[in-house]
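Reading the structure
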Amino acid sequence: MITDQMVEDFQRDGVVLVKGLWKDWVPQLQAGIARNMAEPGPHAAENLKPGEPGRFFDDYCNWERIPEFRDVIFNSGVAEAAARLMQSPRVQMFHDHVLVKEPGTSKPTPWHQDGPYYFVKGRQTVSFWSPLDPVREASLRCVAGSHLWPKEVLPKRWLADTSFYPDPERYMPVPDPDAEGMRVMEWEMEPGDAVAFDYLTLHGARGNEAATRRRAFSLRLVGEDARVIDRPGRTSPPYEGHGMQPGERLREDWFPVLKG
């Protein structure tokens, strides 16, 4: 499924489309999202302000309590795809993430990099973002090459639009890729297709103006060189009490090794 050209594109652009990654697992993922929305976890959030139309739900770190997610993570072969793209013999779980935009949700997903929110860092990282509904206008949008920028993009709180950490000077301001003429990559996608992108790839998404909902399942994985780092504040996901020290690998009892 992962060709040499796709590996080259991923390393250069920080993003690549993987057609049909989970095409045989769409019913399981749909059922898992339904279970997740019916039984939200402690990190669940509604990302709209009062008066904004639609619904923008997200939740993460639920794979241990939602059997459909666990089944996909351990049995779909996604670790093999991740190993090829990251060029890593080792693939380790970080976290799962569900995002649902109901019809008429005009609010976009803000431009951001995932990496600055995390307490793990390395050159071998990959996220798989997979819609469970056909997407045309509400697909993920990624800025090619942004994973190689010399400075990370300022992480912000989506609702409040405030800095996530107390020292924003350490980060570059959030750019406007469309206005600044950056190379933005996006694809029309079918259920089970996936966009694979580096943790430092700048990405966002338009609002969902379609008449159908847009459900998406994301899986974040790390490779051989990923290590725990200090951040200047509470990370997202927070993983309270993880007990790990900077420079260590993620603990395997919390973050299972899927390959290697």
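Residues numbered from 1 in each chain as written. Predicted model: local features only at pLDDT ≥ 70, side-chain atom pairs only at ≥ 80, totals over all residues. Heavy atoms only, no water.

1. A few points about the packing of aromatic side chains
Short version of the rule: Any pair of Phe, Tyr and Trp rings, taking the six-membered ring for Trp, is counted once the centres come within 6.5 Å. Such a pair is stacked with planes under 30 degrees apart, edge-to-face with planes over 60 apart, and tilted for the rest. Where helices and strands are cited, they refer to DSSP runs of H or I of at least four residues and of E of at least two residues respectively, numbered from the N terminus. Residue burial is assigned from relative accessible area. The probe radius is 1.4 Å, only protein chains are included, and a residue is buried under 20% of its type maximum, exposed over 50%, and partly exposed in between. The rule for a charge over a ring is simple: NZ of Lys or CZ of Arg within 6 Å of the ring centre, and within 35 degrees of the ring normal.
The tally for this structure, following the rule as stated, stands at 18 aromatic pairs. Each ring, one from Phe-94 and one from Tyr-118, has its centre 4.8 Å from the other, and the planes form 75 degrees; the classification is edge-to-face. Taken as a pair, Phe-94 in strand S4 (residues 91–101) and Tyr-118 in the loop between strand S5 (109–112) and strand S6 (120–121) lie far apart in primary sequence, 24 residues in all. With a relative accessible area of 3%, Tyr-118 lands in the buried category. Ring pairs connect the aromatic residues Phe-94, Tyr-118, Phe-119, Tyr-199, Tyr-239, Trp-254 and Phe-255, which therefore count as one cluster. Here the basic side chain of Lys-101 rests over the ring of Phe-56, its NZ or CZ set 4.8 Å away from the ring centre. Lying over the aromatic face of Phe-164, Arg-157 brings its terminal NZ or CZ to 5.2 Å of the ring centre.

2. Re the packing of helix H2 (residues 26–38) against helix H3 (residues 67–75)
Applied cut-off: The convention used is that axes are lines fitted to C-alpha atoms, helices contributing only their stretch in contact, and that angles between N-to-C directions extend from 0 to 180 degrees. A clockwise turn of the near helix away from the far one marks a right-handed crossing, whereas an anticlockwise turn of less than a right angle marks a left-handed crossing. The criterion used for residue contact is that any of the two residues' heavy atoms lie within 4.5 Å. In this classification, the charged set is Asp, Glu, Lys and Arg, the nonpolar set is Ala, Val, Leu, Ile, Met, Phe, Trp, Tyr, Cys and Pro, and all remaining amino acids, among them Gly, are polar.
It is at 7 Å that the axes of H2 and H3 come closest, and there the two elements cross at 145 degrees. Considering the relative orientation of H2 and H3, their crossing is left-handed. Two secondary-structure elements touch here, H2 through Gln-28, Leu-29, Ala-31, Gly-32, Ile-33, Arg-35 and Asn-36 and H3 through Pro-67, Glu-68, Phe-69, Asp-71 and Val-72. A per-class count over the contact of H2 with H3 returns six nonpolar, three polar and three charged.

3. Some remarks on the environment of Lys-151
Rule in force here: N or O atoms within 3.5 Å of each other form a polar contact, as long as, within protein, one can give a hydrogen and the other can take it, and as long as residues adjacent in sequence are counted only when both atoms are side-chain atoms.
Tracing the backbone shows Lys-151 in the loop between strand S8 (140–143) and strand S9 (184–185). Linking Lys-151 and Val-100, residues 51 residues apart in sequence, is a C-alpha distance of 30 Å. Discounting residues that sit within four places of it in the chain, Lys-151 has contacts with Glu-169, Arg-170, Tyr-171 and Met-172. In this structure the side chain of Lys-151 is engaged in a polar contact, spanning 3.2 Å, whose partner is the backbone oxygen of Glu-169.

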